[in-house]
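# Chain and residue survey
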Amino acid sequence: MSEERMTELVQGALAARGIEDQVLAVGQFNPRGHSGGMFSGGLVGGTAGDLLGGAGEIAGVGVGSLAGMEAADARSGLPAEMLVGVSATMVYGFAAATRHSEPSDLVFQVPQAGLTAKVHQRVNVRVLELIDTASGSRIELEGNRLPLTHSKDVIDALGN
């Protein structure tokens, strides 16, 4: 169900912008470093909170995790949550609060011609690098391994 809904949302966002294209796959992504920021922020927050005792440690882990994610997202220059759609010729990235939310901003639109997609397997995420072969510029994303995000569908559509 969520796959069809994400596809409808991205297809509608393209149509609303006057873009006539048909997406083949859509998945939910975060900026690269989102999960790592959460982990390292939680460690730092937990250690600091531990100075106040057990409850302080618990609160510190929570606050630190959120702060770490937000810091990593801010550093990337990309929205924290995105829907990425792939057509036969293009890759589109939209800001979207959840995989069920209407996309807001079109963050990137890059042609597949001249684009290299590299995938790095991590413990709980897949890192997707979209690299412009002419300039070397990159869009670095991470997709959760949970099937409901459909990030693997996007990676597969890109030929990886």
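These notes cover the structure that comes with them.

Take helix 1 (residues 2–16) next. Along its 15 residues, helix 1 runs 21 Å from first to last C-alpha, staying within 8% of the 21 Å computed at 1.5 Å per residue. Every buried residue of helix 1 is accounted for by Ser2, Met6, Leu9, Val10, Gln11, Ala13 and Leu14. Those residues of helix 1 that are buried are in contact with strand 1 (23–31), strand 2 (82–87) and strand 3 (90–95). Downstream of helix 1 by a residue or two, glycine 18 has a phi angle that is positive, lying close to 75 degrees.

Judged by pairing direction, the sheet is antiparallel, and its seven strands sit side by side in the order 4-3-2-1-7-6-5 without closing on themselves. The open sheet has two edge strands, strand 4 (106–111) and strand 5 (115–121), and neither has a second partner. For this sheet the average axis-to-axis angle between neighbouring strands, irrespective of direction, equals 30 degrees. As defined by bridge partners, strand 1 adjoins strand 2 across six bridges and the pair is classed as antiparallel. Bridge pairing in strand 2 links phenylalanine 29 to methionine 82. Sitting on the sheet, helix 1 touches strand 1, strand 2 and strand 3, and the angle it makes with strand 1 is about 95 degrees.

Quick look at the pattern of salt bridges now. The final tally for this structure, using the stated rule, is four salt bridges. With a shortest N-O distance of 4.0 Å, arginine 5 and glutamate 102 are connected by a salt bridge. Of the two residues, arginine 5 is situated in helix 1 and glutamate 102 in the loop between strand 3 and strand 4; the sequence distance between them amounts to 97 residues. Take arginine 5: its relative accessible area is 30%, and that puts it in the partly exposed class. By sharing partners, the salt bridges in this structure join Arg5, Glu8 and Glu102 into a single network.

Criteria and cut-off values
Residues numbered from 1 in each chain as written. Predicted model: local features only at pLDDT ≥ 70, side-chain atom pairs only at ≥ 80, totals over all residues. Heavy atoms only, no water. Helix = DSSP H or I, 4+ residues; strand = E, 2+ residues; numbered from the N terminus. Expected span 1.5 Å × (residues − 1). Buried < 20%, exposed > 50% of the residue type's maximum accessible area, 1.4 Å probe, protein only. Contact = heavy atoms within 4.5 Å. Pairing = 2+ DSSP bridges. Axes fitted to C-alpha atoms, helices over the stretch in contact; angles between N-to-C directions. Salt bridge = Lys/Arg side-chain N within 4 Å of Asp/Glu carboxyl O.

Read these as spatial facts, not as claims about activity.
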